[in-house]
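# Examination of the molecular architecture
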Amino acid sequence: MIRRAVLLLLASLLLCAGAGQAQAAGYRYWSFWERDAGRWVYATQGPSLARPSDGDVQGFRFAVSEDSASAVRPRGTADFATICAKTPAQDGRKRVALVIDFGTPSDAPGGESPPAARTACARVAPDATTAEALAAVAKPLRYDTNALLCAISGYPRKGCGEQVSQKEQKRKPAAEQSSPSDDGPSLGLIGGIAVVVVLGGAAIWQVRRRG
């Protein structure tokens, strides 16, 4: 009897958590990534603050995502040596490899088509930020009044981090809707599991106490 009650409680809590995640709003924006040991990691600083070192690989991906935990990574596995093979080193300059992924047609704003993904090697001043490296190889860039990156190489033509309706999100193929973080499950999922465990334990305690 105790086991059945706990299982029902866990099931109901998980269903509620899943329903909340399914209704989360999505936003169309450029996400910023850093290549670490061969894998993409969501950047902890914006491109206007990050100062990559010579030999770093950084990426941008345009997509519809709910948050950083579900953001879609840039595609492709090209490394620094490949991307910067035709850009020789130069004294007093650093080279930063950039991967620019314009996303899929399902992520594009109405009436626009994403350009093909590409890579570029920016040779910039030693103290240059990622934004400066990007500007050196992928103009025109567009920012909003809060310095949020809105467009790379003119794409998209308009819009900036706008919320996407549930109806529009449902048109997106399931395989493209999210990409779990390399760093593990989202905090929301972990939090939900923790609540389930705590409440489940409390239910057992109450039943035993009454018995």
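Now for a look at the structure at hand. Note that the structure is predicted; figures quoted are calculated from it, not measured.

Let us now look at the overall build of the chain. A tally of helices and strands in the chain yields five helices and eight strands. Ordered by position from N to C terminus, the α and β elements of the chain give α-β-β-β-α-β-β-α-β-β-β-α-α. Within the span of the chain, comprising 211 residues, buried residues form 34% of the whole. When the accessible surface of the chain is split by element, carbon and sulfur atoms take 57% of a total near 12,300 Å².

This part covers the state of the cysteines. Counted under the stated rule, the structure contains two disulfides. Shown here is the disulfide that connects Cys 84 with Cys 121, its sulfur atoms set 2.0 Å apart. The S-S bond linking Cys 84 to Cys 121 shows a torsion near 100°; that makes this disulfide right-handed. On the criterion of sequence distance, the pair formed by Cys 84 in the loop between helix 2 (80–83) and strand 4 (94–101) and Cys 121 in strand 5 (residues 118–124) is long-range, its members being 37 residues apart.

A separate point is the nonpolar core. Trp 30, Phe 60, Leu 98, Ile 100, Leu 134 and Ile 152 are the most contacted members of the largest nonpolar core, which has 20 residues in total. Those elements giving two or more residues to this core turn out to be strand 1 (26–36), strand 3 (57–65), strand 4, strand 5 and helix 3 (130–137). The element best represented in this core is strand 4, accounting for three residues. Not counting the four nearest positions on each side in its chain, Leu 134 is found in contact with Phe 60, Leu 98, Ile 100, Lys 139, Leu 141, Leu 149 and Ile 152. Counting eleven residues, the second-largest nonpolar core is a separate cluster that includes Tyr 29, Val 57, Ala 71 and Val 99.

Bringing the packing of aromatic side chains into the picture now. According to the stated counting rule, one finds six aromatic pairs in the structure shown. Summarising the aromatic geometry, the rings of Trp 30 and Phe 62 are spaced 5.4 Å apart at their centres and angled 55° between planes, so their arrangement reads as tilted. Taken together, the residues span a long stretch of sequence, with Trp 30 in strand 1 and Phe 62 in strand 3 at a distance of 32 residues. With 5.3 Å between their ring centres and 75° between their planes, Phe 62 and Tyr 155 make a pair best called edge-to-face.

We now examine the side chain of Ser 31. Within the secondary structure, Ser 31 is located in strand 1. At a separation of 2.7 Å, a polar atom in the side chain of Ser 31 contacts the side chain of Trp 33.

Empty space within the second largest pocket amounts to approximately 240 Å³. Looking at the second largest pocket, it is lined by 16 residues, and the ones nearest its centre are Trp 30, Phe 32, Gly 46, Pro 47 and Leu 148. Top element by residues in the lining of the second largest pocket is strand 1. It accounts for four residues. When grouped by side-chain class, the residues that make up the lining of the second largest pocket number eleven nonpolar, five polar and no charged.

Below, the discussion takes up the environment of Asp 79. Following the sequence through the fold, Asp 79 ends up in the loop between strand 3 and helix 2. By relative accessible area, Asp 79 is classed as partly exposed at 38%. Asp 79 sits 41 residues away from Gly 38 along the chain, and the two C-alpha atoms are 8.0 Å apart. Apart from residues no more than four positions distant in its own chain, Asp 79 is found in contact with Arg 35 and Val 57.

As a further point, take the environment of Gln 58. Turning to its location among the elements, Gln 58 is positioned in strand 3. In sequence terms Gln 58 and Ala 97 are 39 residues apart; their C-alpha atoms lie 6.3 Å from each other. Those residues in contact with Gln 58 that lie beyond four places of it in its chain are Phe 32, Trp 33, Glu 34, Trp 40, Pro 52, Val 96, Ala 97, Leu 98, Val 99 and Thr 130. Side-chain polar atoms of Gln 58 contact the side chain of Glu 34, separated by 3.5 Å.

Below, the discussion takes up helix 3. Within the sequence span of helix 3, burial applies to Thr 130, Ala 131, Ala 133 and Leu 134. The buried residues of helix 3 occupy an angular sector of 160° when the element is viewed end-on, so they sit on one face. Buried residues belonging to helix 3 abut strand 1, strand 3, strand 4, strand 5, strand 6 (142–143) and strand 7 (149–151).

Thresholds, definitions, all that
- Chains are numbered independently. Their residues run from 1 in the order of the written sequence.
- In keeping with the model being predicted, local features are shown solely for residues with a pLDDT of at least 70 and side-chain atom pairs are shown and tallied solely at 80 or more, while totals for entire chains, interfaces and linings include all residues.
- No hydrogens and no water enter the side-chain calculation; it runs on all heavy atoms of the structure.
- Going along the chain from the N terminus, every DSSP run of H or I of four or more residues is numbered as a helix, and every run of E of two or more is numbered as a strand.
- Buried residues are those whose accessible area, probed at 1.4 Å on protein chains only, stays under 20% of the maximum for their type, while exposed residues exceed 50% and partly exposed ones sit between those limits.
- Per-residue and other accessible areas were derived by the Shrake-Rupley procedure at a 1.4 Å probe size, with only the shown protein chains allowed to occlude residues.
- Two cysteine sulfurs form a disulfide in these notes if their separation is within 2.5 Å.
- We define the nonpolar core as a collection of buried residues of types Ala, Val, Leu, Ile, Met, Phe, Trp, Tyr and Cys that are connected through side-chain atoms lying within 4.5 Å of one another.
- Whether two residues are in contact is decided by their heavy atoms: any pair within 4.5 Å suffices.
- Stacked, tilted and edge-to-face pairs are distinguished by plane angle, under 30 degrees for stacked and over 60 for edge-to-face with tilted covering the rest, among Phe, Tyr and Trp rings (Trp via its six-membered ring) whose centres lie within 6.5 Å.
- Here a polar contact means two N or O atoms within 3.5 Å. Within protein one must be a hydrogen donor candidate and the other an acceptor candidate, and residues neighboring in sequence count only if both atoms are side-chain atoms.
- Both site types are read off a 1 Å grid over the protein atoms alone. A 1.4 Å probe that fits but cannot get out defines a cavity, while an open set with protein on both sides within 12 Å along at least five of seven lines defines a pocket; lining residues have an atom within 4 Å of a point.
- Grid points are joined across faces, edges and corners, and a volume is the space filled by probe spheres set on the points.
- Think of it as three bins: nonpolar holds Ala, Val, Leu, Ile, Met, Phe, Trp, Tyr, Cys and Pro, charged holds Asp, Glu, Lys and Arg, and polar takes everything else, Gly as well.
- Summarising the geometry, the arc corresponds to the directions from the helix axis toward the C-beta atoms.

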